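Understanding the architecture of this molecule
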There are 2 protein chains.
Amino acid sequence: MALDRKIEQTGKHLPPLSRGFDPLEYAERVAGLQRQMAQADLDVLLLTSAADLYYVSGFLTRFWESPARPWFLCIPATGQPVAVIPAIGAELMGRGWITDIRTWDAPDPSDDGVTLLVDTLRELTEGRRQPRIGTPMGLETHLRMPLADYHRVRDMTAPATWQDATDVVQRVREIKSEAEIAKIRVACGIADRAFARVADFADVGLPLDGVFRQFQRVLLEEGADWVSYTAGGAGQCGYGDVISPADGRLLQSGDVLMLDTGAVWDGYFCDFDRNYAIGAVAPDTAAAQAALSAAIDHVLDTLRPGHRACDVHRLLCEQLRQHGAEPGGGRLGHGLGLTLTEWPSFTPLDQTELRAGMVLTLEPGVEIAPGRCLVHEENIVLRDTGPELLSTRAPRLLPVLGAQQ
Amino acid sequence: MALDRKIEQTGKHLPPLSRGFDPLEYAERVAGLQRQMAQADLDVLLLTSAADLYYVSGFLTRFWESPARPWFLCIPATGQPVAVIPAIGAELMGRGWITDIRTWDAPDPSDDGVTLLVDTLRELTEGRRQPRIGTPMGLETHLRMPLADYHRVRDMTAPATWQDATDVVQRVREIKSEAEIAKIRVACGIADRAFARVADFADVGLPLDGVFRQFQRVLLEEGADWVSYTAGGAGQCGYGDVISPADGRLLQSGDVLMLDTGAVWDGYFCDFDRNYAIGAVAPDTAAAQAALSAAIDHVLDTLRPGHRACDVHRLLCEQLRQHGAEPGGGRLGHGLGLTLTEWPSFTPLDQTELRAGMVLTLEPGVEIAPGRCLVHEENIVLRDTGPELLSTRAPRLLPVLGAQQ
């Protein structure tokens, strides 16, 4: 709470929280991964995604936006990680705690790091007759390297076997440290302050894409390093979906305006939305608003470690129906942290056990009319005693914007 | 040129160019891919990346930032593409020209679209004894779906064979239509205007991360839909690399400040940087500046369709050395369009033939001192008659910022 107040007091200045992490925290992360690797009997773990590399090495750059080059981090069963990366990243990686950094001059159409990666994997599994190499292959993961090169690496590391290491990574990354939670709290605070200024730039007759542009500007002014995600919508009786970019449609009296953002601070995301009434909205929209608020309140009161992801879906749906609302389809929340969304998913199918230290979004939606929905979202960290809000709880009544106010 | 003037006149307003593409243009893109598929003897092409899906379907959303769900587009040898996507995207996809849209309720841990995709692939290859299914597997590509699910799809589509379709996609996408070039020109114009305002927010004693934040704000004010990439650096005798995010280091007299951006308009990127002197810079920095300008001028004068990517690398290096400068390592430019960087790469190894209609960056760098570089970048479209600038040519002399000016 002290941190929140300090950040709010800085106004438009940068939050006082320091960037990066203590080297001890990185050591703990590697130790955690190596414990999971031992359980899965893995000799080496190969990571290729921006989030996984940042988590282990602290390597943070927007250069992942360029698909040109693959980046590899190899974690042995014991000992220190080895970075196998394009030379263009050596300087930045060298500023972090990883000391074994091997580079090649990418992109190289004949051998884009394949030989260097294979040599490294062989070295890290030396003495093993049939090494077991793990990399994430499951839900919510991608292998960020050319598929043909992956098959080349597999062939060249024979007789090693390749294992799905999704669980190895997810069971560690999903429990956030206090330092990680503090960064997500900073990102949430930035969005809180930007949402509080929406009345300054949204009104009847203004185009939705202009509102989106102003919203991003204000997120930067409030301290976001960058704004990786904005979405939203506007319309009578809710909006059509929650993933569209804005078009030039003008805001009209009676619209609900929704803005959603993943603003980033030091590599960590917030992900929550806010809804606004442009003048007076229809009674069924107000009723949906009340049902969504009540459903979130109930989960904030009752959620505990030991619940499963599917329990949250059930709780939210039950509450919405008790309040006369029809739950929307899809997942009603998810994990959050190094990417805009992380596992688990609040669906009827996800059995993941929720544990203290998980950062989650509660994201119930209500279908007001066919194809028209209203969606609420809050960001929380699950503690032993229940949820602790990271976003400032949305107002119970839709804030009214515009001249009619 | 008329377009440029119109956009400039709009100042802070939106560019007048219309969003989206004519349905005929999408039909031509599909026909182009199908011609390449015929040459490669492919029965169906599977696309999974944000850029490929936007190119074929017009499906544009920042929701790709969420790694939770895969998205598929299947192009048969003849006939119309089929979208196989999570239900959350049906509304947005339905606004475009694709009519065959099949959805599942993602994320589903037991079957995240695998069965629906396999059924679609079987349907599109019906009657073929051993269908040939292509998907990009080469340099600069990733398969954006869980690797385990890819292997499941392969097993379930047996006896189909899976082929690398990198060339199929790249030979089509690399030639930009006039409508695409116009959008990239809009993105470049936005960056041009933002670079012209750097003196308003960069000066001695200001922190680099604050300058980055202001730069992103100004890009939005000048009309960017969003800012997917900023990088840069500052220092005496150049900067250490060109991919780092900013830190809190204060700008000092004698620094060179570099800002680089990929600002996005209607899904199309610009990618160029600009350099500024914070007060007077050292003579070797000014000499590097002159050599870089001369090298770019030479390529602008001499580059023609029929040159190969490696020729551009050679031309730039020759010119830099003639002007007494030492070329930096790595690639000295690349393709540009739907992502921040596209193939080909201006390296000694890339033999790709350059053709009229390619949009490219010229990005020579000079090593001023060990680990300190200066990098210039311009965006061009290659015409039959040679390069046409899309960015406004950088000034020959480093613009001087700050009180010393």
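Residues numbered from 1 in each chain as written. Chains lettered and ligands numbered in written order. Predicted model: local features only at pLDDT ≥ 70, side-chain atom pairs only at ≥ 80, totals over all residues.

1. Brief notes about the relation of the copies chain A and chain B
One copy of the chain maps onto the second through a rotation around an axis plus a translation along that axis. Cut-off, in case you're wondering: Superposition of the copies was done by least squares, using only C-alpha atoms of residues whose pLDDT is at least 70 in both. Any pair of residues counts as being in contact when their C-beta atoms, constructed from backbone geometry, are within 7 Å of one another.
With an RMSD of 0.0 Å, the fit of chain A onto chain B corresponds to turning through 180° and sliding 0.0 Å along the axis. Here the copies are linked by what is in effect a two-fold axis. When C-alpha distances to the rotation axis are compared across chain A, the minimum falls at Arg217 of chain A, with a value of 2.6 Å. Most of the interface of chain A is mirrored in chain B, where 100% of its interface residues are also at the interface.

2. What about the domain arrangement of chain A?
Residue and element names in this part refer to chain A. Definition in use: Residue ranges for the domains trace back to a domain assignment, done automatically or taken from a database. Under this grouping Gly is polar, as are all residues other than the nonpolar Ala, Val, Leu, Ile, Met, Phe, Trp, Tyr, Cys and Pro and the charged Asp, Glu, Lys and Arg.
Parsing chain A into structural domains produces domain 1 (23-173) and domain 2 (178-401). Just the C-alpha atoms count here: the centres of domain 1 and domain 2 sit 34 Å apart. Each partner contributes to the interface: domain 1 provides nine residues, whereas domain 2 provides six residues. Partitioned by chemical class, the residues of the side of domain 1 that touches domain 2 number five nonpolar, one polar and three charged.

3. Some details on the sheet that holds strand 16 (residues 378-383) of chain A
Residue and element names in this part refer to chain A. The line we're drawing: Two strands qualify as a pair provided that DSSP identifies no fewer than 2 bridges between them. The secondary structure listing takes helices from DSSP runs of H or I that are at least 4 residues long and strands from runs of E that are at least 2 residues long, numbered from the N terminus. Fitting a line to C-alpha atoms yields each axis, with helices limited to the stretch in contact; the angle taken between N-to-C directions then spans 0 to 180 degrees.
Pairing is antiparallel across the open sheet formed by five strands, whose spatial order is 12-11-13-16-17. The open sheet has two free edges, formed respectively by strand 12 (342-345) and strand 17 (386-389), since each of these has just one partner strand. Along the sheet, successive strands turn relative to each other by an average axial angle of 35°, direction set aside. Across four bridges, the pairing between strand 13 (residues 359-362) and strand 16 is antiparallel. From the neighbouring strand, Val359 faces strand 16, where its bridge partner is Val381.

4. Brief notes about the nonpolar core
Worth spelling out the cut-off: To count as a nonpolar core, a set of buried Ala, Val, Leu, Ile, Met, Phe, Trp, Tyr and Cys residues must be joined through C-beta atoms within 7 Å. For the exposure call, what matters is how many other C-beta atoms sit within 10 Å of a residue's own: 20 or more marks it buried, 12 or fewer exposed, and in between partly exposed, using C-beta atoms placed from the backbone.
Within the largest apolar cluster, 241 residues are counted, with the highest numbers of intra-cluster contacts made by Ala187 of chain A together with Ala187 of chain B. For this core, the element with the most residues is helix 8 (residues 178-195) of chain B, which contributes nine residues. Setting aside chain neighbours within four positions, we find Ala187 of chain A in contact with Ala263, Val264, Trp265, Tyr268, Phe269 and Cys270 of chain A.

5. What about the interface of chain A and chain B?
Each partner contributes residues to the interface: chain A has 60 residues there, and chain B has 60 residues. If one sorts the elements of the side of chain A that touches chain B by residue count, strand 7 (residues 226-235) of chain A sits on top with six residues. Per-class residue counts for the side of chain A that touches chain B are 25 nonpolar, 19 polar and 16 charged.

6. Quick look at the packing of helix 10 (residues 283-302) of chain B against helix 11 (residues 309-322) of chain B
Geometry of a packed helix pair, given as the angle between the helix axes and the separation of the axes. Residue and element names in this part refer to chain B. Quick reminder of the rule: For classification purposes, an angle smaller than 35 degrees is called roughly parallel, one larger than 145 roughly antiparallel, one from 65 to 115 roughly perpendicular, and anything else oblique. Crossing chirality is assigned from the near helix's rotation relative to the far helix, an anticlockwise turn below a right angle marking it left-handed and a clockwise turn marking it right-handed.
Closest axis-to-axis distance for the helix 10/helix 11 pair is 8 Å, and the angle between their directions is 140°. Relative to helix 11, the element helix 10 lies oblique. Crossing hand, helix 10 versus helix 11: right-handed. Residue-level inspection shows Ala291, Ala294, Ala295, His298, Val299 and Thr302 of helix 10 in contact with helix 11, the latter providing Val312, Leu315, Leu316, Gln319 and Leu320. For the contact of helix 10 with helix 11, a count of residues per class yields eight nonpolar, three polar and no charged.

7. Some details on the packing of helix 9 (residues 208-221) of chain A against helix 9 (residues 208-221) of chain B
Close contact between helix 9 of chain A and helix 9 of chain B brings their axes to 9 Å; oriented N to C, the two are set at 170°. When the axis of helix 9 of chain A is compared with that of helix 9 of chain B, the two are roughly antiparallel. Across the interface between the two elements, Arg213, Gln216, Arg217, Leu220 and Glu221 of chain A from helix 9 of chain A touch Arg213, Gln216, Arg217, Leu220 and Glu221 of chain B from helix 9 of chain B. Of the residues belonging to the contact of helix 9 of chain A with helix 9 of chain B, the class tally is two nonpolar, two polar and six charged.

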